[in-house]
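Report on the structure
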Amino acid sequence: MGVNGRDVTVAGGGVAGLAAARALALRGARVTVLEQAPAISEVGAGLQVSPNGGRVIDALGLGEAFRAASGESAAVVLRDAAGRRVLRMALAGRGRFALVHRADLIAVLERGAREAGVTIELGARVEALTLGERGATVRMADGGALRPGLLVGADGLHSRVRAELVGEARPRFTGQVAWRALIPCPEGVASEAQVFMGPGRHLVAYPLRGGRLLNIVAVEERAEWAEEGWHNAGDPDELRAAFRDFGGSVREWLGRVERCMLWGLFRHPVAGRWHAPGVAILGDAAHPTLPFLAQGACMALEDAWTLAATLDAHDGDAAALAAWQGVRRPRTLRIVDAATANARNYHLRGARAAAAHAALRAADRLAPGAVLGRFDWLYGHDVTA
Ligand SMILES: Cc1cc2nc3c(=O)[nH]c(=O)nc-3n(C[C@H](O)[C@H](O)[C@H](O)COP(=O)(O)OP(=O)(O)OC[C@H]3O[C@@H](n4cnc5c(N)ncnc54)[C@H](O)[C@@H]3O)c2cc1C
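Cut-offs and rules
- Residues numbered from 1 in each chain as written.
- Predicted model: local features only at pLDDT ≥ 70, side-chain atom pairs only at ≥ 80, totals over all residues.
- Heavy atoms only, no water.
- Helix = DSSP H or I, 4+ residues; strand = E, 2+ residues; numbered from the N terminus.
- Rg over C-alpha atoms; globule rule 2.2 N^0.38 Å.
- Buried < 20%, exposed > 50% of the residue type's maximum accessible area, 1.4 Å probe, protein only.
- Contact = heavy atoms within 4.5 Å.
- Areas by Shrake-Rupley, 256 points an atom, 1.4 Å probe, with all protein chains shown as cover.
- Lys, Arg positive; Asp, Glu negative; His and termini not counted.
- Charge placed at Lys NZ, Arg CZ, Asp CG, Glu CD.
- Pairing = 2+ DSSP bridges.
- Axes fitted to C-alpha atoms, helices over the stretch in contact; angles between N-to-C directions.
- Parallel < 35°, antiparallel > 145°, perpendicular 65-115°, else oblique.
- Left-handed = near helix turned anticlockwise from the far one by under 90°.
- Nonpolar A, V, L, I, M, F, W, Y, C, P; charged D, E, K, R; others polar.
- Salt bridge = Lys/Arg side-chain N within 4 Å of Asp/Glu carboxyl O.
- Near = heavy atom within 4 Å.
- Polar contact = N/O pair within 3.5 Å; in protein donor to acceptor, adjacent residues only side chain to side chain.

**Regarding the overall build of the chain**
Scanning the chain from terminus to terminus reveals 12 helices and 20 strands. A compact globule built from 385 residues should have a C-alpha radius of gyration of about 21 Å, and the chain, at 21 Å, falls within 12% of that. With the principal axes as the frame, the chain shows a C-alpha extent of 60 × 40 × 35 Å. When each of the 385 residues of the chain is scored for burial, the buried share is 54%. Restricting to contacts in the chain with at least 6 residues of sequence separation, those with at least 24 account for 76%. A total of about 16,300 Å² of accessible surface is found on the chain, and carbon and sulfur atoms cover 51% of it. Here the chain carries 45 positive and 40 negative side-chain charges, and the mean point of each set is 5 Å from the other.

Written out as structure tokens, the structure reads:
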């Protein structure tokens, strides 16, 4: 059947939805995106896009616009809580690791989708759906109903489409909360990601928008629950108190925080089933991840490209969607597990932290490339090849 000339409705105009919309439209589909927000606006903060995600942006023909909208990271630098260097992993020669404001990535993808002929309906919230042998019937919040040729659920963490496919998931609070803040970037901060590791806590910082902003994500283990979502305000004093014994530049940076967001980190299961007749889910809707490997947006981009390519390569949806899940689910499971393990490695205490940092310092002297080489399966992957 392929996708040429087909009607496709995408629920959700985030990274996965807009990328899938352009990928499908470039292959001849007539695509409509339904986005609940009244505007595709300035929400979110920094995202890291590693080369496996960047290759999809290039293949979508948006590489030039994306490079103009993002910065390039030269290294990932691990530091202890005092700010002393533990390991510097240079990224040169391994493809482009981008640092971008989420709103800037969304703007590039939105323009790309519209240029490819995609219709984007704003203020359009999917309320519920009914699955059937011949596809889904969608009920909108305004009371309208739709019968899409193919429904692509790209509606994020709290996906309605996922809930209908596999039931409501019961996410588990990880005992970790994350603060996000943007501050004016102090002079002299290099274009690289710095990770400060302390007992039960870590803090990641990197510059955005040509070095005008510094993006800060600070993660703390604590028993107290916090809500999951991108819009919950946090208390800057509480953030400063949680990281008061961190040294290096951290104290100065946190001193400049005027506003911050706080979100609870929850472990969600990767969905067991990603498709039904006439329906597929992708991105956070299929496999929400903890943020410790910075792969949420990259997995969404990979999913989007492979969904369009696989549908195009098969005669029927059922075979295409089964093949697609067969390829994508194992990879995303591996990435989600690796992200979960990273939190443990960053938060070590006492003797275990000392031993781990000593081993990394030795690697820093002897073979700094070797540590990053362990992630070739992740960053070296090219779904567009
Ligand atoms: C507001 C916001 C801010 C974010 N900020 C950051 C950040 O600072 N750093 C970071 O690393 N990651 C951030 N993320 C998450 C990151 O963008 C995603 O993990 C990743 O890009 C995967 O993208 P996705 O398209 O699957 O999901 P998302 O990017 O979450 O996109 C889902 C989209 O679907 C829409 N939607 C949801 N439900 C419905 C519905 N019922 N009907 C219609 N539309 C619906 C949402 O409004 C959203 O636009 C943010 C996500 C959001 C929504």
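There is more to say after this.
**Some thoughts on the sheet that holds strand β12 (residues 150–153)**
Read across the sheet, 6 strands follow the order β8-β2-β1-β12-β20-β19 without closing on themselves; strand pairing throughout is mixed. The outermost strands of the open sheet, each flanked by one partner alone, are β8 (119–122) and β19 (275–276). Bridge analysis of β19 against strand β20 (residues 279–281) gives 2 bridges, and the strand direction is antiparallel. Looking at β20, one finds that A276 is bridged to V279. With respect to the sheet, helix α1 (residues 15–26) is in contact with β1 (7–11), β2 (30–35), β8 and β12, its orientation differing from that of β2 by roughly 170 degrees.

**Section: the packing of helix α2 (residues 51–59) against helix α8 (residues 296–313)**
In the contact formed by α2 and α8, the axes pass within 8 Å of each other and the chain directions differ by 45 degrees. Comparing their axes, α8 and α2 come out oblique. Seen along the crossing, α2 lies across α8 with a hand that is left-handed. Of the residues in α8, those in contact with N52, G53, V56, I57 and A59 of α2 are C298, L301, E302 and W305. For the contact of α2 with α8, the per-class residue count stands at 6 nonpolar, 2 polar and 1 charged.

**A closer look at the pattern of salt bridges**
Across all of its chains, the model carries 22 salt bridges by this definition. The residue R114 makes a salt bridge to E110 at a minimum N-O spacing of 2.9 Å. Pair noted here: R114 and E110 are both in helix α4 (residues 102–115), with a separation of 4 residues, about one helical turn. For E110, a relative accessible area of 17% puts it in the buried group.

**Some thoughts on the site of the ligand**
Taken together, 29 residues are adjacent to the ligand, and E35, A45, R102, R180 and D284 come closest. One of the backbone N or O atoms of V15 is found 3.1 Å from an oxygen atom in the ligand. In the environment of the ligand, an oxygen atom lies 2.7 Å from a nitrogen or oxygen atom belonging to the backbone of A45. Within the residue set of the shell around the ligand, elements represented by two or more residues are α1, β2, β3 (46–49) and α8.

**Some remarks on unusual backbone geometry**
Look at R209: it is not a glycine, yet its phi comes out positive at around 50 degrees. Residue position: R209 is located in the loop between β15 (201–208) and β16 (213–221). According to the relative accessible area criterion, R209 is partly exposed, its value standing at 23%. Not every positive phi belongs to a glycine, and A294 is a case in point at roughly 50 degrees. Note on placement: A294 falls in the loop between β20 and α8.

**Here's the deal with the side chain of H275**
Position of H275 relative to the elements: it lies in strand β19. You can call H275 buried: its relative accessible area is 19%. Sequence-distant contacts of H275, that is, excluding residues within four places in its chain, are made with L165, A280, L321, A322 and Q325.

**With respect to the sheet that holds strand β13 (residues 172–184)**
An order of β6-β5-β14-β15-β16-β13-β18-β17 is seen for the 8 strands of this open sheet, with the pairing classed as mixed. Of all strands in the sheet, those bounded by a partner on one side alone are β6 (85–90) and β17 (233–234). With 5 bridges joining them, strand β5 (residues 75–80) and strand β14 (residues 193–198) adopt parallel strand pairing. Across the sheet, the residue bridging to D80 is M197, located in β14.

These figures capture arrangement, not role.
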